[in-house]
Every structure is written in C-alpha cells, then in structure tokens.
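Summary of the model geometry
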Amino acid sequence: MSKTVLPSKFTELKGLDRIRIVVHEELNCLFREITKDDVGIDGEIEVLAPKSDGRGFEPTGGFIKVQSKSGASYIKENSEASFSTPVDQADLEYWHSVTFPVIFIVYHPGDDRLYWKDVRAYVRSTNQVWQRPFKIIFDKTTDVFSGVASTQLLALGNASPPRVSTQERERLFTNLLLVKRIPPIITSAKALLHDHQTIREQIRGAKPPFCLLEGRLYTLADLRHKHCILRDACDLSQINDIPSRSWLEDPVRRRDFIFLLNQLLGSHLRQCGVHYNREFARSYFPRQDDTRREFKQDWLNIRTGRNAPARIVAKRYTYGADQFWRHLAAKFDFRYIGTSLYLQVAPKYFFTYDGETP
C-alpha cells in the first residue's frame, strides 16, 4: 500500500513557500528553513541591508527566528478584522525566555495571506496570553506579513544580539606548551639486536630513548660516550650523527622522532613519581603507600610563580559497598603545528580498584 500525502501537507508547504517569497522578494533578506527537529522554531531570517555603493546587499549580523503555522485548523474566532491561533503553553514560555527575536507567522488560507506577530514582545505586553485557552490574536490590518512591515521587521532583526560578542575580554590559557629546545643530534649505529623489547630486557639500568629502523639503532643519547648503556647493543665501528631537526621536518621520520621524545618524557615523569597506564594512554599520580587513603602534592602556579595549596592527587572513595581510587591524570601528546613542536596536556582522571588495578 502506497503512502498518503494529506491535503494539509500542501497547505503547510504553501505557507512556507509564501514566507520565502516575501522574505526574498519584498524584504530583500534571506530565509532558511530548519529541517531537523525544532523546539518552537521553524526557520530564521538573516537581515540584509543595501550596500553603500548600491551594488547588492550585505549582512547586518541580525537574525530573526521564525515559528510558522499553516491551514484552516489554526484559524479560530475568524472575522473581517481579526482571528486567533491556538498555541502551546510550552511555546509561550520558550518565546518569553529567549534572548533573540522570534516572529510567529500564520498562513490564512481563506484570506490567502500571511500574518505575523513579534511574539516575544506580544507575550511580554499582555497578560491575556497566559489565560486558557492559550492563543495569539492577529489584527488583519496591522499584522500582514509583507513588504509593508519591512521597517518593523528589519529593526527587530538588527536589535538581535550578535552571535559572537566582540566586547568581552577574557584571558585564555592553552594546553599546548611550546617545545623551545629539542636534543640537537640523533646518533646511529648498526644494531646487534633487532627487537626493541629484547634490547630493553637485556640492558640493565635506565634506558635512553631509542628506536630500530632498517637494522640500525637510533638514539638521543651519545653512542660515543663510554657510559652510554646502549653501546652493548650496537656495532660501534661506524657511528653517524643526524640533526634532530631533519627528522622533525620530515613527515615520514617525524613519528619516529616523536617516539623518541615520548620515551624521554616518560622517563622524566617516572623520575617525578608519575606512573603510566598503556591501556588508557594516560599518566597518573599513584597511591604512594598502603597506610593512607589520601595523597597530596605540592603545587607551583606557573602563571604566578607562587606556591599554591597542596592538591589531592589520589584518594580512596567509599560509596556503600563500592570502593575505588580516583587519581589525577593527564594525556601527553607531542604535536607538530606549522613549523613548531608543542606538548599537548589534556587533563584526565584515572580510576583504580585498589590504587593500582585499573
């Protein structure tokens, strides 16, 4: 069985078509219909004004929201002078509270005309609108929606608040920290072992950042230095130097260089007592012992250069039978933007059962 299009659908579309014609041809503005679910708004009028050189129109920054109805079912108490349209109390309350101008347009099929009201002003000016049955009364002489009302409509639109305020002043802080200095040289030698994990397991002590590429080991450490722990994993007969900047500026090698920097950052965070969870890719403040339920960390406000009150960085919570630890955490990512390298710090939380198990 095929779908049925009711005659009321054509009346509704005719009303919207008439609104579009009036806005475009008589008001010289733009009308946009809202096609997704709305909450008392069917479209908007963007207010335009003639350009000073007489060549067309330009936007003023003003907008008027539109709620429309079409059809005989919306025409009540009809006479030669006026008629009323029933409305929902929820719509009235919404129009009463909004900060932008809203006009209510009704297509009267008997008169074949559009009528309109500045509903926000109408709702605020008369107490009768709050009496049941809820309705809006239109005057057929003064409320015709046409080019005759252009002065009122354009003034209403140009009084709407700007979508973005240019008058507000606020200080914003970015979570992108500029990396001002990077290790200048990457040293390289032929690798004796060809698996990253094997090298980490066989070499004792703190491991400098390194990676394996095409049978060679690359590191931010100096392979020529006799105390470099990575020397045991390399053939030291030929050591090469590579400018770090060349890897950073190469889209292919940049990921490898950032891999080295992530190892360096991870080593630093471990020295600071911060743990890392690979599954959730975040660094967090751990539980430091088995005796306390709360751990604090001294804090330096980098904007003021002053010591701030100590922060709770890990704490045990109990809600009935549920017990868990909440840890302050962060996700760190190096990002190359333009020609500069940044460290992005995204604040996170990390939750554990016992201070260790995620």
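Starting afresh in each chain, residues are numbered from 1 along the sequence in its written order. The model is predicted, so local features are restricted to residues of pLDDT at least 70 and side-chain atom pairs to those at 80 or more, both for listing and for counting; the totals for chains, interfaces and linings are taken over all residues. Where side-chain values are given, they derive from all heavy atoms of the structure, hydrogens and water being excluded.

**Looking at the pairing of strand β16 (residues 306-319)**
Note on strand geometry: in a regular strand, side chains alternate between the two faces of the sheet. Rule in force here: At least two bridges found by DSSP between two strands is the condition for calling them paired. Here a helix means four or more residues in a row that DSSP labels H or I, a strand means two or more in a row labelled E, and each is numbered from the N terminus.
The sheet contact formed by strand β15 (residues 294-301) and β16 spans seven bridges and is antiparallel. Paired with Trp 299 across the strands is Ala 308, a residue of β16. Counting the residues between successive antiparallel strands, the hairpin from β15 to β16 contains four residues, one of them, Gly 305, with a positive phi of roughly 75 degrees. Following β16, the chain reverses through two residues before pairing antiparallel with strand β17 (residues 322-337); Gly 320 in that reversal takes a positive phi of roughly 65 degrees.

**Points about the layout of surface pockets**
Convention followed: With a 1 Å grid laid over protein atoms only, a set of points is called a cavity when a 1.4 Å probe fits there but cannot get out and a pocket when it is open yet has protein on both sides within 12 Å along at least five of seven lines; lining residues have an atom within 4 Å of a point. Grid points are joined across faces, edges and corners, and a volume is the space filled by probe spheres set on the points. Any residue outside Ala, Val, Leu, Ile, Met, Phe, Trp, Tyr, Cys, Pro, Asp, Glu, Lys and Arg is labelled polar, Gly included; the first ten of those are nonpolar and the last four are charged.
In this structure, the largest pocket encloses a volume near 1,600 Å³. Elements represented by at least two residues in the lining of the largest pocket include exactly β8 (176-178), α7 (254-271), β14 (282-284), β15, β16, β17 and β18 (340-352). Of the residues contributing to the lining of the largest pocket, the split by class is 26 nonpolar, six polar and six charged. By volume, the second largest pocket amounts to about 740 Å³. Lining the second largest pocket are 26 residues, with Asn 262, Gln 263, Gly 266, Tyr 276 and Arg 278 positioned closest to its centre. Looking at the lining of the second largest pocket, the elements that each hand over two or more residues are α5 (196-202), α7, β13 (275-277), β14 and β17. Looking at the lining of the second largest pocket element by element, the count peaks at nine residues for α7. Of the residues belonging to the lining of the second largest pocket, the class tally is eleven nonpolar, eight polar and seven charged.

**Topic: empty space enclosed by the protein**
Under the defined criterion, the tally for this structure stands at one cavity of 30 Å³ or more. Computed from the structure, the largest cavity encloses a volume of approximately 30 Å³. Taken together, Ile 312, Val 313, Ala 314, Lys 315, Tyr 317, Arg 326, His 327 and Leu 328 make up the lining of the largest cavity. Listing elements by their share of the lining of the largest cavity, those giving two or more residues are β16 and β17. Looking at the lining of the largest cavity residue by residue, the classes come out as five nonpolar, one polar and two charged.

**Here we look at the nonpolar core**
The nonpolar side chains of a soluble globular protein tend to be buried, and buried together. Put simply, the rule reads: Each nonpolar core is a collection of buried residues, namely Ala, Val, Leu, Ile, Met, Phe, Trp, Tyr and Cys, held together in the definition by side-chain atoms within 4.5 Å. The cut-offs for exposure are 20% and 50% of the maximum accessible area for each residue type, with area from a 1.4 Å probe on protein chains only; residues under the lower value are buried, those over the upper are exposed, and the others partly exposed.
The biggest cluster of nonpolar side chains holds 24 residues, and the ones touching the most others in it are Ile 186, Tyr 218, Trp 247, Phe 257 and Phe 334. For this core, the secondary-structure elements that each account for two or more residues are β10 (210-213), α6 (244-248), α7, β16, β17 and β18. Counting residues per element, this core draws most heavily on α7, at six residues.

**Examining the packing of aromatic side chains**
Inclusion rule: Centre distance within 6.5 Å is the pairing criterion for rings of Phe, Tyr and Trp, where only the six-membered ring of Trp is used; planes under 30 degrees apart are then read as stacked, over 60 as edge-to-face, and the remainder as tilted.
With the rule as written, the count across this model stands at 13 aromatic pairs. With centroids separated by 5.0 Å and ring planes inclined at 15 degrees, the aromatic side chains of Phe 83 and Phe 138 adopt a geometry described as stacked. Taken together, the residues Phe 83 in strand β4 (residues 82-86) and Phe 138 in strand β7 (residues 135-139) connect sequence positions 55 residues apart. Residue Phe 83 shares its accessibility class with Phe 138, and that shared class is buried. Ring geometry for Tyr 349 and Phe 351: centres 6.1 Å apart, planes at 45 degrees, overall tilted.

All quantities given are derived from atomic positions and should not be read as evidence of function.
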